[in-house]
Amino acid sequence: MNKGFATLAALCASVFVVGTSEYLIAGLLPQVGADLDISVGTAGQAVTAYALGVVVGGPVMALLTARLPRKGLAVGLMALFAAGSAISAVAPSFGLLLVGRVVSSLSHAAFLALALVTATRVVPAEKTGSAIATVASGFTVATLLGVPLGALLGQSSGWRAPFAVLTALAVAGTVLLAAVLPRQEAPATRLRDEIRVVARRPVMLAIATTAVGFSGVATVFTYIAPLLTRVSGFSAAAVSGLLLAYGAGSFLGNLTAGKLTDKSMSATVRGVFGGLTGTLLLIPFAAVWQPTAVAAVLVLGLLATATIAPLQGLILHYAGAAPTLAVSVNVGAFNLGAAAGSVIGGAIVAVGALRWTGLAGAVLSLIGLSLTYLVLPRTRTSAQDAEPEVFTSTAA
């Protein structure tokens, strides 16, 4: 088996486990609340704790581990995630459940950043977009299969069972990474090099593009189920089918965007944001008729995760030889965007304007599109074209 393929497969499988754990708890809150004798609202803080751990803990972990050998670090981070899942599975109290979730979240952003950077280094330079998309597809498969299957297991066997399974899968992922990842020396970059890269104006703009742009998707998607039932008139079963189709579209859109990023990163990121802006703008009008509502959901699915490869490509484009902290911060920016989008969408829904969440999402996506013109000058069409300049400026 090709070593590069084996590495990408191992990283993708590990990201699948991490992605499933992140979103699984949201579908188990009633069971968690009943078992631990807390309200569903209180149980929801387990979601918040994880998100904060990713946003805050990810960059801290990236800084603390910046000088460690990459293979050992990947194995260690996956083992840390397994430990957090194990704590969650056996937690006798809500406080200990939060501890488990936070422990798992600390490895989340740092591991994903390391996985994305490692993926780009085991393939030719012209295939970096596809490599990023391949690893990131672990998250889309987690949303498509891992989360619903875990929720079903939790409903039939109790909420602890999915976390026990995830612990076993995380341990298996740790062993797999130890077996197939190539040995890499510790990076020669210093901590201040990593911090200097993040502080660069193009990198900060790229991170802002991620947070603002992804919040546009989250503004609508967080409330897509009530939109489809209350405005479009679909049954709950039909909505489940549409969400499955959305997940399949996300998987295909992510991989397609990765291949397009290999050809032209700037055209891909702008095309995706342009498509998202148009789609989100049309959703309030498409939602009132079921055939157009179906089309809108499918197109949104194709575009939603198509942002991952070009946006992470933007970070790698400018991060040069010290990308780990920058990519970790950008992973947190996705989570921050999701949280901000859900808050914005929630405020719109609270005033009785559920149908119009798409307008707010379109504005946010348009802002993301505008930011891409500040990050990538029109004359640069691919990451490869600008790579020599990036490494030179980083070293300066």
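About the thresholds
- Residues numbered from 1 in each chain as written.
- Predicted model: local features only at pLDDT ≥ 70, side-chain atom pairs only at ≥ 80, totals over all residues.
- Heavy atoms only, no water.
- UniProt positions renumbered as here; feature names shortened; annotations may be inferred.
- Helix = DSSP H or I, 4+ residues; strand = E, 2+ residues; numbered from the N terminus.
- Rg over C-alpha atoms; globule rule 2.2 N^0.38 Å.
- Areas by Shrake-Rupley, 256 points an atom, 1.4 Å probe, with all protein chains shown as cover.
- Salt bridge = Lys/Arg side-chain N within 4 Å of Asp/Glu carboxyl O.
- Buried < 20%, exposed > 50% of the residue type's maximum accessible area, 1.4 Å probe, protein only.
- Domains from an automatic or database assignment.
- Contact = heavy atoms within 4.5 Å.
- Buried area = accessible area lost by both parts, 1.4 Å probe.
- Phe/Tyr/Trp six-rings, centres within 6.5 Å; stacked < 30°, edge-to-face > 60°.
- Lys NZ or Arg CZ within 6 Å of the ring centre and 35° of its normal.
- Expected span 1.5 Å × (residues − 1).
- Core = buried A, V, L, I, M, F, W, Y, C linked by side-chain atoms within 4.5 Å.
- Bend = angle between axes of the 7 residues up to and from the residue.
- Axes fitted to C-alpha atoms, helices over the stretch in contact; angles between N-to-C directions.
- Parallel < 35°, antiparallel > 145°, perpendicular 65-115°, else oblique.
- Left-handed = near helix turned anticlockwise from the far one by under 90°.
- Nonpolar A, V, L, I, M, F, W, Y, C, P; charged D, E, K, R; others polar.
- pLDDT = per-residue confidence, 0-100.

In the annotation of an unreviewed UniProt entry, the protein is listed under the name MFS transporter and assigned to Nonomuraea turkmeniaca. Among the UniProt annotations of the protein, the heading Subcellular location (unreviewed entry) holds the following wording: "Cell membrane".

Undergrad: Can you explain the overall build of the protein? Please cite residues and give values.
TA: Within the protein, the regular secondary structure consists of 18 helices and zero strands. A globule of 396 residues ought to have a C-alpha radius of gyration of about 21 Å, and the protein, at 20 Å, matches this closely. Judged by the C-alpha coordinates and their principal axes, the protein covers about 55 × 50 × 40 Å. Carbon and sulfur atoms make up 72% of the accessible area of the protein, which totals about 15,600 Å².

Undergrad: Can you explain the pattern of salt bridges? Please cite residues and give values.
TA: Tallied over the entire structure, the rule returns one salt bridge. Of the charged contacts, one joins Arg160 and Asp35 as a salt bridge, the two residues approaching to 3.1 Å between their closest N and O atoms. Highlighted residues: Arg160 in helix α8 (residues 160–180) and Asp35 in helix α2 (residues 29–36), separated in sequence by 125 residues. For Arg160, a relative accessible area of 25% corresponds to the partly exposed category. Accessibility expressed as a relative area gives 42% for Asp35, which makes it partly exposed.

Undergrad: Explain the domain arrangement of the protein to me, using residue names and the numbers behind them.
TA: Taken domain by domain, the protein holds domain 1 (1–185) and domain 2 (192–376). The gap between the C-alpha centroids of domain 1 and domain 2 is 21 Å. Each partner contributes to the interface: domain 1 provides 31 residues, whereas domain 2 provides 29 residues. Taken over both partners, the interface formed by domain 1 and domain 2 buries close to 2,300 Å², and the fraction arising from carbon and sulfur atoms is 74%.

Undergrad: Mind laying out the packing of aromatic side chains, listing which residues take part and the relevant values?
TA: Within the structure shown, the criterion is met by four aromatic pairs. Centre to centre, the rings of Phe221 and Tyr246 are 4.4 Å apart; their planes meet at 15 degrees, and the pair counts as stacked. Highlighted residues: Phe221 in helix α10 (residues 201–221) and Tyr246 in helix α12 (residues 236–263), separated in sequence by 25 residues. For Tyr246, a relative accessible area of 8% corresponds to the buried category. Across the ring face of Tyr373, the terminal group of Arg270 is positioned such that the distance to the ring centre comes to 4.2 Å.

Undergrad: How would you explain helix α15 (residues 308–319) if you had to name every residue and give the values?
TA: Compared with the 16 Å implied by 1.5 Å per residue over 12 residues, the 16 Å span of α15 between its first and last C-alpha is a close match. For α15, the full list of buried residues reads Ile308, Ala309, Pro310, Leu311, Gln312, Gly313, Leu314, Ile315, His317, Tyr318 and Ala319. One or two positions beyond α15, positive phi appears at Gly320, with a value near 60 degrees.

Undergrad: Would you mind going over the nonpolar core in detail, with residue names and values included?
TA: The biggest cluster of nonpolar side chains holds 107 residues, and the ones touching the most others in it are Val32, Phe111, Val135, Leu177, Leu228 and Leu314. Examining the composition of this core, we find that 12 residues originate from one element, helix α6 (residues 94–120), more than from any other. Shared between two domains, this core holds at least three residues of each, these being domain 1 (1–185) and domain 2 (192–376). Beyond its immediate stretch of four places on either side in the chain, Val135 contacts Leu8, Leu11, Cys12, Val15, Ala115, Leu116 and Ala119.

Undergrad: A description of α6 should follow, citing residues and the corresponding values.
TA: The terminal C-alpha atoms of α6, which comprises 27 residues, lie 39 Å apart, in line with the 39 Å expected from a rise of 1.5 Å per residue. Taken as a whole, α6 carries its principal kink of about 25 degrees at His108. By the criterion of burial, α6 is predominantly enclosed, with 21 of the 27 residues buried.

Undergrad: Kindly report on the environment of Leu276, identifying the contributing residues and their values.
TA: Within the secondary structure, Leu276 is located in helix α13 (residues 265–286). Assessed through its relative accessible area of 0%, Leu276 is described here as buried. With 80 residues separating them along the chain, Leu276 and Arg196 place their C-alpha atoms 32 Å apart. Beyond its immediate stretch of four places on either side in the chain, Leu276 contacts Val217, Leu300, Leu303, Ala304, Thr307 and Ser365.

Undergrad: So, the packing of α10 against α13: which residues are in play, and what are the values?
TA: Between α10 and α13, whose axes approach to 11 Å, the crossing angle comes to 30 degrees. As far as their axial angle goes, α13 and α10 are roughly parallel. In this structure, the crossing between α10 and α13 has a hand that is left-handed. Each of Thr209, Gly213, Gly216, Val217 and Val220 in α10 lies in contact with α13, whose residues at this interface are Phe273, Leu276, Leu280 and Ile283. A per-class count over the contact of α10 with α13 returns six nonpolar, three polar and no charged.

Undergrad: Pulling in residues and values, what's your account of the confidence of the model for the protein?
TA: Across the protein, pLDDT averages 85, with 93% of residues at or above 70. Ignoring residues within four places in sequence, the model shows residues 379–396, a span with pLDDT below 50, making 33 contacts including any to other chains.

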